[in-house]
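Survey of secondary and tertiary structure
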Amino acid sequence: MAIPSLVMGLSYPLPPPNVDVVGHVQRITADREDTLLALGREYGIGYEEMRRANPDVDVWLPGEGTEVLIPSRFILPAARRDGVVINLAEMRLYYYPPADAGETRRVETYPISVGRMDWGTPLGETRITQKTEDPYWFPPESILTERAAQGRPLPSAVPPGPDNPLGRHKLRLDIPGGAYLIHGTNEPRGIGMRVTHGCIRMFPEDVESLFERLPVGANIQIVNQPVKAGWMAGELLIEAHPVLPADAENAYDPLKPPPIRDAVRAVAGVMDEGPARVDHDQLARTVNAASGIPGVISRRPDVSPEDTGHWSSVVRQ
């Protein structure tokens, strides 16, 4: 199966079912003209991911010679490795493209923007029902009302072009009760933030890549997993992301213990006994940091650590 030349995001060989981690954290040196946003777009990382991984680095002026962390190691979401999986808490989309017989299956991952808590994106399983290139945007009544109240009224229809917030590509989802889309943007600086009215927003080059390959009817799984856990090379890792409360758009709540323990148990089986005994101090540090960078919280004594292997090799085209 030929893969189009336009493949953005990050692409890894799909690991076997007993391996849940792909990629590796990178450290680069900023040039004078770099910003965290521009570096994030170059390396397939969203705004909040870059900011949390580099809390002491100026977003707009890192400075020449500044070391910048690229958080490009991921625990795959707890979902079927098929079609598209969107993890709202992580603000990241995973795509498992089909492969012909004899070809290595891969997983691609892309940063996204998702809905604010008052305009949340519904969870569950859905599918693509329509694909439109150079779409018109017909703002729903809720957005028209909101913008009018802000003194920034919108027209009832926005034609294709540089002022269209949908960008050049739109994929409609089969979700009742609203016009939920995966689409591009004319404001790529907002990718990796909770800023949408429930849609999934992507970098223009990323949504174009998916638009060319995802057919109408393609399966979409939408999950909300602020804590993910997974195995790799005899090590149990955990990855934590902040939770945004419904009553405070820009404030983050600490993660609560039950979902953390559930996520660990889902892959470890036990918390305090057996071969997967957990380092609770390291678990607490990883969760409290909520940096999105996976941290090791347990090692199996019966498995020797080995090289991360080809599952960490990345393709960025």
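So, how was this worked out
By convention here, each chain's residues receive numbers from 1 onward along its written sequence. Under the rules for a predicted model, residues below a pLDDT of 70 receive no local features and side-chain atom pairs below 80 are neither given nor counted, while totals for whole chains, interfaces and linings still include all residues. Excluded from the side-chain calculation are hydrogens and water; included are all heavy atoms of the structure. Each helix is a run of DSSP H or I of at least 4 residues and each strand a run of E of at least 2, with the numbering of both proceeding from the N terminus. When accessible area is computed with a 1.4 Å probe and restricted to protein chains, residues below 20% of their type maximum are described as buried, those above 50% as exposed, and intermediate ones as partly exposed. The contact criterion used is simple: two residues touch if any of their non-hydrogen atoms lie within 4.5 Å. Computed with the Shrake-Rupley method and a 1.4 Å probe, the accessible areas treat only the protein chains shown as cover for residues. UniProt positions are given in the numbering used here, feature names are shortened, and annotations may be inferred rather than shown by experiment. Scored between 0 and 100, pLDDT is the confidence that the predictor attaches to each residue. We call a set of buried Ala, Val, Leu, Ile, Met, Phe, Trp, Tyr and Cys residues a nonpolar core when their side-chain atoms join them within 4.5 Å. Pairing between strands requires that DSSP locate at least two bridges from one strand to the other. Throughout, an axis means a line fitted to C-alpha atoms (over the contacting stretch in the case of helices), and angles, computed between N-to-C directions, take values from 0 to 180 degrees. Between rings of Phe, Tyr and Trp, where Trp is taken as its six-membered ring, a pair exists when centres lie within 6.5 Å; planes separated by under 30 degrees are stacked, by over 60 edge-to-face, and by other angles tilted. Only when the NZ of Lys or the CZ of Arg is both within 6 Å of the ring centre and within 35 degrees of the ring normal is a charge said to sit over the ring.

With respect to the overall build of the chain
For the chain, the helix and strand inventory stands at six helices and 18 strands. Across the 317 residues of the chain, 50% fall into the buried class. Considering only contacts within the chain whose residues lie at least 6 apart along the sequence, 68% involve residues at least 24 apart. With the model as given, the accessible surface of the chain reaches about 14,800 Å², and the carbon-plus-sulfur share is 51%.

Remarks on the UniProt feature "active site" (unreviewed entry) in the chain
As recorded in UniProt, the feature "active site" (unreviewed entry) lies at His183 and Cys199. Considering the C-alpha atoms alone, the annotated residues occupy 17 residues of sequence yet fold into one spot, their largest mutual distance being 7.6 Å. Along the chain, the position of histidine 183 falls in strand E12 (residues 181-183). With relative accessibility at 5%, the residue histidine 183 sits in the buried group. If sequence neighbours within four positions are ignored, histidine 183 has contacts with Pro165, Leu166, His169, Lys170, Cys199, Ile200, Arg201, Met202 and Val207. Looking at the element boundaries, cysteine 199 is found in the loop between strand E13 (194-196) and strand E14 (200-201). The buried category is assigned to cysteine 199, whose relative accessible area is 12%.

Here's the deal with unusual backbone geometry
Not every positive phi belongs to a glycine, and aspartate 134 is a case in point at roughly 50°. Relative to the assigned elements, aspartate 134 resides in the loop between strand E10 (124-133) and helix H3 (141-149). Exposure remark for aspartate 134: the relative accessible area of 35% places this residue in the partly exposed category. Of note in this structure, alanine 233 is not a glycine but carries a positive phi near 50°. Turning to its location among the elements, alanine 233 is positioned in the loop between strand E16 (227-232) and strand E17 (235-240).

What about the confidence of the model for the chain?
Per-chain confidence: the chain averages 82 in pLDDT, with 79% of residues scoring 70 or above. Every residue in residues 247-251 is under pLDDT 50, and counting partners more than four places away or in other chains gives six contacts. Within the model, pLDDT remains below 50 along residues 313-317, and this stretch shows 22 contacts once partners closer than five positions in the same chain are excluded.

Comments concerning the nonpolar core
Core analysis: the biggest nonpolar cluster contains 24 residues, and Ile86, Leu93, Ile112, Ile182, Met202 and Ile220 have the highest contact counts within it. A total of three residues in this core trace back to one element, the largest contributor, which is helix H4 (residues 204-213). Not counting the four nearest positions on each side in its chain, isoleucine 182 is found in contact with Ile86, His169, Lys170, Leu171, Leu173, Ile200, Met202, Val207 and Ile220. Grouped together as the second largest cluster of nonpolar side chains are 22 residues, Ala30, Leu39, Val85 and Tyr96 included.

Focus on the sheet that holds strand E18 (residues 295-299)
Read across the open sheet, the three strands follow the order E16-E17-E18; overall the sheet is antiparallel. Of all the strands in the sheet, just E16 and E18 have a single pairing partner and so form its edges. This sheet shows a mean twist of 25° between the axes of neighbouring strands, independent of strand direction. Two strands pair when backbone bridges link them, and E16 and E17 are joined in this way by six bridges, in the antiparallel orientation.

Observations regarding the side chain of serine 72
Here serine 72 is to be found in the loop between strand E4 (67-70) and strand E5 (73-75). Among residues more than four places away in sequence, those in contact with serine 72 are Leu10, Tyr12, Val22, Gly23, His24, Val25, Gln26 and Ile45.

Considering the environment of leucine 237
Within the fold, leucine 237 resides in strand E17. Residues leucine 237 and isoleucine 293, spaced 56 residues apart in sequence, show a C-alpha to C-alpha distance of 9.7 Å. For leucine 237, the contacting residues outside a window of four places in its chain are Val21, Arg73, Ile75, Lys228, Ala229, Gly230, Met232, Pro294, Gly295 and Val296.

A short note on the packing of aromatic side chains
Across all of its chains, the model carries two aromatic pairs by this definition. Between tyrosine 12 and phenylalanine 74, the aromatic rings sit 6.5 Å apart at their centres with planes inclined by 65°, giving edge-to-face as the arrangement. With a gap of 62 residues between them, tyrosine 12 in strand E1 (residues 10-13) and phenylalanine 74 in strand E5 connect regions that are remote in the sequence. Phenylalanine 74 carries the same exposure label as tyrosine 12, and that label is buried. Classification of phenylalanine 74 by relative accessible area gives buried; the value is 1%. Taken together, the aromatic side chains of Tyr12, Phe74 and Tyr94 make up a single cluster linked through ring pairs. The ring of phenylalanine 211 carries the charged tip of lysine 131 above its face, separated from the ring centre by 4.9 Å.

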